[in-house]
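Architecture at a glance
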Amino acid sequence: MYPQSLTPVQQVDLAFIIIFGFSVFVLLVITAAMLWFVWRYHESRHPVPAQFSGNVPAEIAWTVIPSIIVMGLFYYGWEGYKALRTVPEGAMEIKVTARMWSWVFEYPGGKRGSVLVAPVDTPVKLRMTSVDVLHSLYVPAFRIKMDTVPGMETYAWFKADRPGEYDLLCAEYCGLKHANMITTVKVVDKAAFDAWLASTDAPGGKGRALMDTYGCISCHSLDGTPGVGPTFKDLYGAEREVALPDGTKRKVFADEGYLRRAFTDPNGELVVGYDPIMPSTEGMVPNEDMEQMLAWLMHGNEVGREEGRRLMEAEGCISCHSTDGSIIAGPSLKGLWNAPTTVLRDGKEQQVTADEVYLRAKIANAPSLGTVKGYDPMMPPYEHLTPEQLGAMVEYIKSLGEHAH
Amino acid sequence: MSADAHDHPNFFQPQPGTKGGIASWIFSTDHKRIGMLYLYCIVAMFLVGLTLGFLIRLELIAPGRTIMGPQTYNALFTLHGVVMIFLVVIPSIPAAFGNIFLPIQIGAEDVSFPRLNIFSWWLYVTGAVLAVVSLVTGKGAPDTGWTFYVPFSAVTTTNVDVAVVAVFILGFSSILTGLNFITTLHRLRAPGMTWTRLPLFCWSLYATGWIQVLATPVLGITVLLIFAERVLGVGLFDPSRGGDPILYQHLFWIYSHPAVYIMILPAMGVISEILPVFARKPIFGYKMIAFSSLAIAFAGSLVWAHHMFVSGMSDTAVMVFSFLTFVVAIPSAIKVFNWVSTLYKGSIRVEPPLWYALAFIFLFSIGGLTGLVLGSAGTDVHVHDTYFVVAHFHYVIFGGLGFGLFGAMHYWFPKVYGRMYDKRIANWSCLIAFVGFNILYFPMFIIGLQGMPRRYYDYLPKYAEGHFISTMGSWVLAAGLLLMFWNLWRGIRHGKPVGRNPWGAATLEWMVPSPPPHHNFDAEPVVTHGPYDYTGVKPDA
């Protein structure tokens, strides 16, 4: 045997073959002996039974020989296990987050998705955890399986030797839709993988393009770097200290009203620390374009329901929240927008409306908002989502129709 | 009934000077009546579990929804597990046939603590009732699987609280039975009934008793902790509060793996009784079989974490538990070799109990050998929590314990009722059940190796063929079992009366009338030969 030259899959399969071979042999011998004895020593053929009650050498033999054999089986099993646990140096790391009932894979560079994309012939280490209950990542084709445990990191690794699509299943029972917690490992060649990793999913949107057209971005950065004006990053809903023309200072939230005023009267409430140099858009920018830019500011760089839909699939939202009105584990997204909702919080009932503020807060940190009456408190927080992504999700929810009063 | 009935009323009849009626049963301290109470409850619960299993298979006949939704399905497989494990398999042979025959086999009048014995039955009934209550109260039937894994069992809003209380109470029933048997075997053996003349059925119950007494309290603690987690919010298993979900798995399996031996050891004891009787020859290697029961009980208590190779525990622990698991395979193998050798050069009478025993050996061998795949660390990773495991433990528990239990029913039936069932129908039902069993469970090995996870309400189309064949098998198996129960039921009422020793066995229960009288023996017997010494013993009639 040449263990060093075997892949983990081959190593494990070798153990399977050895154990099955031994087992079939033993089973055949036992069954054949049993049936032969019943026929050969039937009372009609063997009326007088022998009266011995044991045979010490035989018993020693079938104690010692199986003991040696099973130690051999143990060895091959352990070799297979070691191969599954020994990650080669320099393996690419992908973070895996499991939750009821979906998987999220995060690649180097921060790209996230619900399908595991991997380059061929490259060792990939999966660093896994769970945000709610136990799950187990299982890819039969790679012979790997490992539980994902909340509060703990586990790992598995594989190296796919052929491009293709392989099933990835949850193997640890996790409730209602355990059987649907299935996704795909998409193995592609290395060039395709790099191209995929470099591509952005953000389609932008018209508002983003207009910001370029009108030159806004030359003063207001998108990534948080300080510029002539305040950055657009995480602007919507943020608290800012502003100076009024009479010199008094006060705090405002960059809500829709403030942003509208900032377009038309940029220096009326000037953010402290910046000079009053921005021109008013009044008369320069058509109202329609301003609405687009405003929507983009409020609902993120990736404005648009398509992006929201993509995100909600990638983050696993739709495995609990249907889009067609049926109830899975949480309320359906269809007709959710502006729906009056009864929330149980600290043992009290509250009436809320599923508006933009509520939905954003609910998606980002569900546990802090209590539980919607009639459902179980099982939604985990999604604190990694940016305001833009939350906005896109809300856009998508809106597109599924308003609550019918 | 037999001619003996005129002199001594048998245990079915009221004792002289007392009235009969239901109270004389449910408050009886007679080990035989308690055993019968258990037997009927267990058969009833087995039929419930069988129906649940049948419905599960029906749902899985094709991908997608067939007869029920996912929540119902999840509750059904949980119940199937809870009912079968805690209400059928764990009590089965010890509580029913152990109670009826252990005292008689050692020449005793009763068990050591008869009142504790009836109390344990009442605990069993209480637990069973609570398990049923958990279905219809609260926010829906438990949907956690019989293993109650945290954190899911701590967060689900279904009625887990009542179910774990039921399991807690059932645990005490099991502990008391084990305690009673150990004490009885130590203190109440008849003169001449040395440890090496003890029937192997008693030896197996002795080993089982120790596991029941030592391991079951851990289960009690574990389910209490789930209760504390849910009701008091202790956070022992909750990582966000410093707890550890893997700790739960250790606690659970410290009981639940040895529990597998609580299930299988008594069945092995039954097989060790049946084979020599029908081979007309002493059992091969009596001491090794008795010793291997104790070895299994001991080593089997040290292998629990082989259920946890992919749980996230350390690789060193995986190696140690994998190794110990292979060690525990050895005494099981010794038993199988000794049983087969018992047939060698016998003078074999082929009767229904022997067919069940042979079916046991075949099915248990498959179950045991596939256990090697699961004990081996590298291969376990692939098949863990797949249908391979489902197939493996049904081969061990149903093929092993189940067929052992059916064998015990057919073997001791004439002793209990004083009548004989229709042997031809008994043979046919054994064959039909055996064939159905293999059609049902063998395809599961294959789809498990192909990667079909267990506890799936729905599945990918590539597993459809295996599931379809499996469901077909469930119909054949159910038909065989219903035929078997119908045949036994008819035998109770219309069977041909038999005498004391229709099989020509040499253990003490066959020396007393059929059915046995209230006090078993007129005078304390004196034992002068071993349990499998057939010289001069002939089957009557």
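Residues numbered from 1 in each chain as written. Chains lettered and ligands numbered in written order. Predicted model: local features only at pLDDT ≥ 70, side-chain atom pairs only at ≥ 80, totals over all residues. Heavy atoms only, no water.

Moving on: the overall build of chain B. Along chain B, the regular secondary structure elements total 16 helices and two strands. Computed over C-alpha atoms, the radius of gyration of chain B comes to 23 Å, within 12% of the 24 Å expected from 2.2 N^0.38 for 541 residues, which places it in the range of a compact globule. Projecting the C-alpha coordinates of chain B onto the three principal axes gives extents of approximately 70 × 45 × 45 Å. Within chain B, the fraction of its 541 residues that count as buried is 67%. Long-range pairs, those at least 24 residues apart, make up 82% of the contacts in chain B with a sequence separation of at least 6. As presented, chain B carries roughly 17,400 Å² of accessible surface, and 70% of it is formed by carbon and sulfur atoms. Within chain B, one finds 30 positive and 24 negative side-chain charges whose respective centroids are separated by 7 Å. (Helix = DSSP H or I, 4+ residues; strand = E, 2+ residues; numbered from the N terminus. Rg over C-alpha atoms; globule rule 2.2 N^0.38 Å. Buried < 20%, exposed > 50% of the residue type's maximum accessible area, 1.4 Å probe, protein only. Contact = heavy atoms within 4.5 Å. Areas by Shrake-Rupley, 256 points an atom, 1.4 Å probe, with all protein chains shown as cover. Lys, Arg positive; Asp, Glu negative; His and termini not counted. Charge placed at Lys NZ, Arg CZ, Asp CG, Glu CD.)

As a further point, take the domain arrangement of chain A. Entries for chain A in the domain assignment read domain 1 (3–85), domain 2 (92–198), domain 3 (206–299) and domain 4 (305–399). Its C-alpha centre places domain 2 of chain A at a distance of 41 Å from the equivalent point of domain 3 of chain A. (Domains from an automatic or database assignment.)

Residue and element names in this part refer to chain A. One open sheet accounts for three strands, arranged E12-E11-E13; its pairing is antiparallel. Edge positions in the sheet fall to strand E12 (249–253) and strand E13 (270–271), since each has one partner strand and no second. The sheet contact formed by strand E11 (residues 239–243) and E12 spans five bridges and is antiparallel. Counted as the bridge partner of Glu-239 is Phe-253 from E12. (Pairing = 2+ DSSP bridges.)

What follows concerns the side chain of Ser174(B). Residues and elements named next belong to chain B. One can find Ser-174 in helix H7 (residues 160–187). Looking at Ser-174, the relative accessible area reads 8%, which means it is buried. There is a polar contact of 3.0 Å between the side chain of Ser-174 and the side chain of Gln-212. Aside from chain neighbours lying at most four places away, what touches Ser-174 is Ile-90, Gln-212 and Thr-216. (Polar contact = N/O pair within 3.5 Å; in protein donor to acceptor, adjacent residues only side chain to side chain.)

Remember that side chains alternate between the two faces of the sheet whenever the strand is regular. Residue and element names in this part refer to chain A. Counting buried positions along strand E6 (residues 135–139) gives five out of five residues, so the element sits mostly inside the fold. Side chains His-135, Leu-137 and Val-139 of E6 all project onto a buried face; the interleaved residues Ser-136 and Tyr-138 project onto the opposite face, where all are buried too. Pairing between E6 and strand E7 (residues 144–148): five bridges, direction antiparallel. Each residue of the ladder has a partner; that of Val-139, found in E7, is Ile-144. Taking the residues between adjacent antiparallel strands as the criterion, E6 and E7 are bridged by four residues, where Arg-143 takes a positive phi near 60 degrees. Looking at chain direction, E6 and strand E9 (residues 164–170) are connected through two bridges and run antiparallel. Bridge pairing in E9 places Leu-137 opposite Cys-170.

On to the pattern of salt bridges, then. Under the defined criterion, the tally for this structure stands at 25 salt bridges over all chains. Across the pair Asp161(B) and Arg230(B) runs a salt bridge, and its minimum N-O distance is 2.6 Å. Here Asp161(B), found in helix H7, pairs with Arg230(B), found in helix H8 (residues 200–231); they are 69 residues apart in sequence, far enough to count as distant. A salt bridge links Asp238(B) to Arg241(B), with the shortest nitrogen-to-oxygen separation between them at 3.1 Å. What you see here is one network of salt bridges that share partners, running through Arg99(A), Glu106(A), Arg112(A) and Glu315(A). (Salt bridge = Lys/Arg side-chain N within 4 Å of Asp/Glu carboxyl O.)

Quick look at the interface of chain B and chain A now. Across the contact, 83 residues belong to chain B and 76 residues belong to chain A. Across the chain B to chain A interface the summed buried area is about 6,800 Å²; carbon plus sulfur atoms make up 72%. Looking at the side of chain B facing chain A, the largest losses of area belong to Phe284(B), His382(B) and Tyr456(B), adding up to 9% of the total buried there. Linking Lys462(B) and Asp167(A) is a salt bridge whose minimum nitrogen-to-oxygen distance equals 2.7 Å. Between chain B and chain A we count 23 residue pairs in polar contact (both at pLDDT 80 or more) in total. (Buried area = accessible area lost by both parts, 1.4 Å probe.)

On to the confidence of the model for chain B, then. Predicted coordinates in regions of low pLDDT should not be interpreted in detail. Looking at chain B, pLDDT values average 93 and 99% of them are 70 or higher. This model gives residues 1–5 of chain B a pLDDT under 50, and the stretch forms nine contacts once residues within four places in sequence are excluded. (pLDDT = per-residue confidence, 0-100.)

All names here are of chain B. Together, Val-231, Leu-232, Val-234, Leu-236 and Leu-247 make up a nonpolar patch on the protein surface, roughly 440 Å² of accessible area in all. Here Leu-236 lies in the loop between H8 and helix H9 (245–279). What makes Leu-236 partly exposed here is its relative accessible area of 34%. (Patch = residues over 30% accessible without salt bridge, like charges linked within 9 Å, V, L, I, M, F, W, Y side chains within 5 Å.)

Right, let's get into helix H2 (residues 56–85) of chain A. Spanning 30 residues, H2(A) covers 43 Å between terminal C-alpha atoms, matching the ideal 44 Å at 1.5 Å per step. The backbone nitrogen of Ala58(A) has a side-chain oxygen 3.2 Å away, supplied by the residue at the start of H2(A), namely Asn55(A). (Expected span 1.5 Å × (residues − 1).)

Okay, the sheet that holds E6(A) next. Through backbone hydrogen bonds, the strands of a sheet pair up, either in parallel or in antiparallel fashion. Residue and element names in this part refer to chain A. Reading across the sheet, the five strands line up as E4-E10-E9-E6-E7 and stay open at both edges, with mixed pairing between neighbours. Each having just a single partner strand, strand E4 (116–119) and E7 make up the two edges of the open sheet. This sheet shows a mean twist of 25 degrees between the axes of neighbouring strands, independent of strand direction. Contacts from helix H3 (residues 190–198) reach E4 and strand E10 (182–188), with the element oriented near 135 degrees to E4. (Axes fitted to C-alpha atoms, helices over the stretch in contact; angles between N-to-C directions.)

This brings us to the packing of helix H10 (residues 286–299) of chain B against helix H11 (residues 315–343) of chain B. Residue and element names in this part refer to chain B. Following both chains from N to C, one finds H10 and H11 inclined at 155 degrees, their axes separated by 9 Å at the closest point. Judged by the inter-axis angle, H10 sits roughly antiparallel to H11. Crossing handedness for the pair H10 and H11: left-handed. The residues of H11 that touch H10, namely those facing Met-288, Ile-289, Ser-292, Ser-293, Ala-295, Ile-296 and Ala-299, are Val-328, Pro-331, Ser-332, Ile-334, Lys-335, Asn-338 and Trp-339. For the contact of H10 with H11, a count of residues per class yields nine nonpolar, four polar and one charged. (Parallel < 35°, antiparallel > 145°, perpendicular 65-115°, else oblique. Left-handed = near helix turned anticlockwise from the far one by under 90°. Nonpolar A, V, L, I, M, F, W, Y, C, P; charged D, E, K, R; others polar.)

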